[in-house]
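# Observations on the model geometry
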Amino acid sequence: MLVVLKPGVSGEEIGNVRRQLAAMEVETHFIQGATQSVFALVGDTGKLNLAPVEANVSVAKIVRVQQPYQLASRAFHPEDTVVQIGHCKVGGGHKVVIAGPCSVESEEQMLHTASLVKDCGANMLRGGAYKPRSSPYSFQGMGEAGLKLLAKARESTGLPVVTEAMCIETFDLVEAYADLIQIGARNMQNFPLLKRAGKSTKPVLLKRGLSATLEELLMSAEYIIAGGNQNVILCERGIRSFDTYTRNTLDISLVPAVKAISHLPIIVDPSHASGKWSLVEPLAKAAIAAGSDGLIIEVHHNPAEALCDGAQSLKPEKFRKLMCSLKKLLAAV
Ligand code: PEP
Ligand code: MN
């Protein structure tokens, strides 16, 4: 339930409404927007007597949110959320390109790739140190040594880094190194992990689960926001369908659908969506044309030798070409 305040109410008037709500012993979250301020009431609000609040001269209206997600809904926060990661902004018209290898493999690879993607115009660097692999026999990531290499690459380029936190046990470590913490598709409904991310002071990149609905994605974002962390960026990375030609099926409709019902930024991962490097450029362009707030793209200096996801990784020259055509597209949209 949302208590929407009249535009231009004073701090004192906001305080009066806050006191009325506090007396009801219901959990409230306050968001101050550029044009209006809103209190969100979370939990069992059905039995509350809101008549005195409704009568308060500072209250414009009370909105009963039908959806199970409240804090992630646009009704709660009408303006686009802008997430700040170092010097990068994502959302509200700010676009980001995150690029780098699937996995951190060596110092040489990371430093080389970081300077390359920066030179091509990427705003952030990606690289997994803890990898969720389908096979226990596949490369599982370098762990803490990989996090240290990401920190080195950040130091040498100034690019903020995004890397995945796979479990509670290693969350603190990942949090200490990452500028943006990724929660991967396979963990989208790992609720203890989402709760931990909600306690983090670092922004979170939440990837859509392999067969998650839009509502399930937003409910997972709700866990993080309800925990106290409003800096959530959603990511469409393809979903399972009947077609096996591509690794997954990019659900481009998720981008405008999210924009309609949520204030959270959403970016697209054309690499995991397609599984094929040759499809990355057209899908990246489609994502931007559909209103995506950015892209996360896998780039490898030698995809044939990559320890993970080489088939979907762009070679440096292909990434450079993509960035050139994206610049033109961004200017057009
Ligand atoms: C990744 O970004 O490397 C990754 C494993 O992504 P997803 O969780 O979308 O599969
Ligand atoms: Mn990958």
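## As for unusual backbone geometry
- In this model, Glu25 sits at a positive phi of 55 degrees, which is unusual for a non-glycine residue.
- Mapped onto the elements of the fold, Glu25 is located in the loop between helix H1 (11-22) and strand E2 (27-32).
- Residue Glu25 is classed as exposed on the basis of its relative accessible area, which comes to 77%.

## Some thoughts on the nonpolar core
- Membership of the largest hydrophobic core comes to 72 residues, with the highest contact counts inside it found for Val117, Leu125, Leu206, Leu234 and Phe319.
- Ranked by the residues each element gives to this core, the list is headed by helix H7 (residues 214-226), at six residues.
- A domain-level breakdown of this core finds at least three residues from each of domain 1 (2-63) and domain 2 (83-332).
- In contact with Leu234, other than residues within four places in its own chain, are Leu205, Leu206, Leu217, Leu218, Ala221, Val258, Leu264, Pro265, Ile266 and Ile267.

## Points about the site of ligand 1
- Looking at ligand 1, the residues that line it are Cys102, Arg126, Lys131, Pro132, Gln182, Gly184, Ala185, Arg186, Lys207, Arg237, His272 and Glu298.
- Between an oxygen atom of ligand 1 and a side-chain N or O atom of Arg186, the distance comes to 2.8 Å.
- Burial of ligand 1 by the protein chains amounts to 98% of its free accessible area of 290 Å².
- Residue composition of the shell around ligand 1, by class: three nonpolar, three polar and six charged.

## As for the environment of Ser10
- Along the chain, the position of Ser10 falls in the loop between strand E1 (2-5) and H1.
- For Ser10 and Lys152, which are 142 residues apart along the polypeptide, the C-alpha to C-alpha distance reads 47 Å.

## What to know about the pattern of salt bridges
- The full count for this structure, using the stated rule, is 16 salt bridges.
- A salt bridge links Glu236 to Arg208; the nearest nitrogen and oxygen atoms lie 2.8 Å apart. With a gap of 28 residues between them, Glu236 in strand E12 (residues 232-236) and Arg208 in the loop between strand E11 (204-207) and H7 connect regions that are remote in the sequence. Assigned by exposure class, Glu236 and Arg208 land together as buried.

## Observations regarding the coordination of the manganese ion (ligand 2)
- For the manganese ion (ligand 2), the full set of protein donor atoms is Cys102 (SG), His272 (NE2), Glu298 (OE) and Asp309 (OD), at a range of 2.0 to 2.4 Å.
- Each donor residue of the manganese ion (ligand 2) lies on one chain, and together they are spaced C-x169-H-x25-E-x10-D. Placement of Cys102 in the loop between strand E7 (96-100) and helix H3 (107-120) and of Glu298 in strand E14 (residues 294-298) is noted, with a sequence separation of 196 residues between them.
- With relative accessibility at 2%, the residue Cys102 sits in the buried group.

## Observations concerning the packing of aromatic side chains
- Counted under the stated rule, the structure contains two aromatic pairs.
- Summarising the aromatic geometry, the rings of Phe30 and Phe39 are spaced 4.8 Å apart at their centres and angled 40 degrees between planes, so their arrangement reads as tilted.
- For Phe39, a relative accessible area of 0% gives the class buried.
- One Lys or Arg, Arg18, reaches over the ring of Phe30 and ends 5.2 Å from the middle of that ring.
- A cation over an aromatic ring shows up here: Lys276 above the ring of Tyr245, its NZ or CZ 3.4 Å from the ring centre.

## A few points about the side chain of Glu222
- Inspection of the secondary structure assignment puts Glu222 in helix H7.
- When residues no more than four places from it in sequence are discounted, the contact partners of Glu222 are Tyr69, Gln70, Leu71 and Ala72.

## With respect to the sheet that holds E1
- Here four strands make up an open sheet; going across it, the order is E2-E3-E1-E4 and the pairing antiparallel. Lying at the two open borders of the sheet, with one neighbouring strand each, are E2 and strand E4 (59-63). Pairwise comparison of adjacent strand axes, ignoring direction, gives a mean angle of 20 degrees for this sheet.
- Relative to strand E3 (residues 37-42), E1 runs antiparallel, the two being bridged by three bridges. Within E3, the position partnered with Val4 by the bridge is Val38.
- Packing of H1 onto the sheet brings it into contact with E1, E2, E3 and E4, and relative to E3 it is tilted by some 5 degrees.

## With respect to the packing of H7 against helix H8 (residues 254-261)
- At a closest axis distance of 11 Å, the pairing of H7 and H8 adopts a crossing angle of 55 degrees. It follows from the interaxial angle that H7 and H8 lie oblique. In this structure, H7 meets H8 at a crossing whose hand is right-handed. Along the contact surface, H7 presents Leu214, Leu217 and Leu218, while H8 presents Leu254, Ala257, Val258 and Ile261.
- A class-by-class count of the residues in the contact of H7 with H8 yields seven nonpolar, no polar and no charged.

## Some remarks on the side chain of Asn56
- Of note, Asn56 is situated in the loop between helix H2 (51-55) and E4.
- Polar contacts involving the side chain of Asn56 include one to the side chain of Gln20, which spans 2.8 Å.
- When neighbours within four sequence positions are excluded, Asn56 is seen to be in contact with Asn16, Val17 and Gln20.

## Focus: the domain arrangement of the protein
- Under the domain assignment used here, the protein contains domain 1 (2-63) and domain 2 (83-332).
- Here the C-alpha centroids of domain 1 and domain 2 sit 36 Å apart.

Cut-offs applied
Residues numbered from 1 in each chain as written. Chains lettered and ligands numbered in written order. Predicted model: local features only at pLDDT ≥ 70, side-chain atom pairs only at ≥ 80, totals over all residues. Heavy atoms only, no water. Helix = DSSP H or I, 4+ residues; strand = E, 2+ residues; numbered from the N terminus. Buried < 20%, exposed > 50% of the residue type's maximum accessible area, 1.4 Å probe, protein only. Core = buried A, V, L, I, M, F, W, Y, C linked by side-chain atoms within 4.5 Å. Domains from an automatic or database assignment. Contact = heavy atoms within 4.5 Å. Near = heavy atom within 4 Å. Polar contact = N/O pair within 3.5 Å; in protein donor to acceptor, adjacent residues only side chain to side chain. Areas by Shrake-Rupley, 256 points an atom, 1.4 Å probe, with all protein chains shown as cover. Nonpolar A, V, L, I, M, F, W, Y, C, P; charged D, E, K, R; others polar. Salt bridge = Lys/Arg side-chain N within 4 Å of Asp/Glu carboxyl O. Donors = N, O, S within 2.8 Å, 3.2 Å for Na, K, Ca; no water. Phe/Tyr/Trp six-rings, centres within 6.5 Å; stacked < 30°, edge-to-face > 60°. Lys NZ or Arg CZ within 6 Å of the ring centre and 35° of its normal. Pairing = 2+ DSSP bridges. Axes fitted to C-alpha atoms, helices over the stretch in contact; angles between N-to-C directions. Parallel < 35°, antiparallel > 145°, perpendicular 65-115°, else oblique. Left-handed = near helix turned anticlockwise from the far one by under 90°.

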